[in-house]
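Each chain is listed here by its residues.
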Amino acid sequence: MEKVSVVIDGRTFEAVKDRCVLEVAHENGIYIPSLCYNSEVPSSGGSCRVCLVEAHQGGRMRLVTACNYPVRKGLEVKTDTPLVHRIRRGVLELLLARVPDSEVIREMAASEGIAEVRFRKDEGENERYKCIACALCTNVCAEVVGVHAIAMTERGADKKPATPYDKPSEVCIGCGACAYACPTGAITMKEKDGVRRIWHRDFQMVRCSVCGTPYIPQAQVDWIVSRTGKDRSFFDKCPDHR
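Residues numbered from 1 in each chain as written. Predicted model: local features only at pLDDT ≥ 70, side-chain atom pairs only at ≥ 80, totals over all residues. Heavy atoms only, no water.

(A) Summary view of the overall build of the chain. In terms of helices and strands, the chain carries six helices and eleven strands. When its C-alpha atoms are laid out on the principal axes, the chain stretches across 60 × 50 × 30 Å. Looking at the chain as a whole, 46% of its 242 residues are labelled buried. Taking all contacts inside the chain whose residues are at least 6 apart in sequence as the whole, residues at least 24 apart take part in 46%. Looking at charge distribution, the chain has the averaged site of its 35 positive side-chain charges lying 3 Å from that of its 32 negative ones. (Helix = DSSP H or I, 4+ residues; strand = E, 2+ residues; numbered from the N terminus. Buried < 20%, exposed > 50% of the residue type's maximum accessible area, 1.4 Å probe, protein only. Contact = heavy atoms within 4.5 Å. Lys, Arg positive; Asp, Glu negative; His and termini not counted. Charge placed at Lys NZ, Arg CZ, Asp CG, Glu CD.)

(B) Representation of the packing of aromatic side chains in the model. Under the counting rule described, the total for this entry stands at one aromatic pair. Ring geometry for F234 against F235: centres 5.2 Å apart, planes inclined by 90 degrees, an arrangement best described as edge-to-face. Take F235: its relative accessible area is 6%, and that puts it in the buried class. One Lys or Arg, K230, reaches over the ring of F234 and ends 4.1 Å from the middle of that ring. (Phe/Tyr/Trp six-rings, centres within 6.5 Å; stacked < 30°, edge-to-face > 60°. Lys NZ or Arg CZ within 6 Å of the ring centre and 35° of its normal.)

Dropping the structure here:
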């Protein structure tokens with residue numbers, strides 16, 4: 001793999017060409033806030049705009065999203081300039097107006113000195129809850145799990161993930177990958193008495209034969225067995241007791 005030198009906040013690092021700026025910065029202890037990027041999900045990133053940074057190259061400066069901007073020879077990145085913070089505050093102000101219930105967004109906004117917003121806050125009951133419409137959940141479902149149980153619906157401010165027609169989906173396997181990946185905790189997943197509820201559907205959980213803890217939905221086991229041919233008995237025990 002070809003390596004190149006990149007300058008981030010005045011420090012020079014060696015990095016694999018075309019890796020995203022965000023990963024290179026984080027690996028070297030430079031914090032850039034982000035929400036919609038997950039390195040395990042190929043199409044993630046570039047949605048929330050929280051990770052905007054200055055990219056200087058060839059005598060030009062551009063504001064770019066660090067999560068999907070590639071490291072190239074001669075690139076200099078600045079993550080902590082007055083312009084970056086001004087733009088980031090604007091982005092966070094819009095997100096806070098959209099999802100004032102989100103603890104994650106409130107905390108990020110507070111770190112930029114934002115307590116109140118200039119725009120109408122979408123408070124009270126609404127279907128979006130804490131969702132910032134980044135689509136990381138739908139990308140995880142499609143690209144990592146491979147079941148396409150949810151998709152983004154509606155447009156503009158009403159955009160949100162949902163099952164088809166907001167009905168219980170027979171395709172969903174109840175794995176919860178969407179909820180685990182959601183950066184703002186917007187997807188509700190509850191478990192009680194060995195049953196997991198997510199996306200309007202109840203999933204019976206398999207209990208560990210050793211500790212008795214419900215740990216994986218039966219539908220997820222069925223899906224893995226059917227796709228991989230793995231022995232069903234493998235799932236008799238939870239990961240802690242295999």
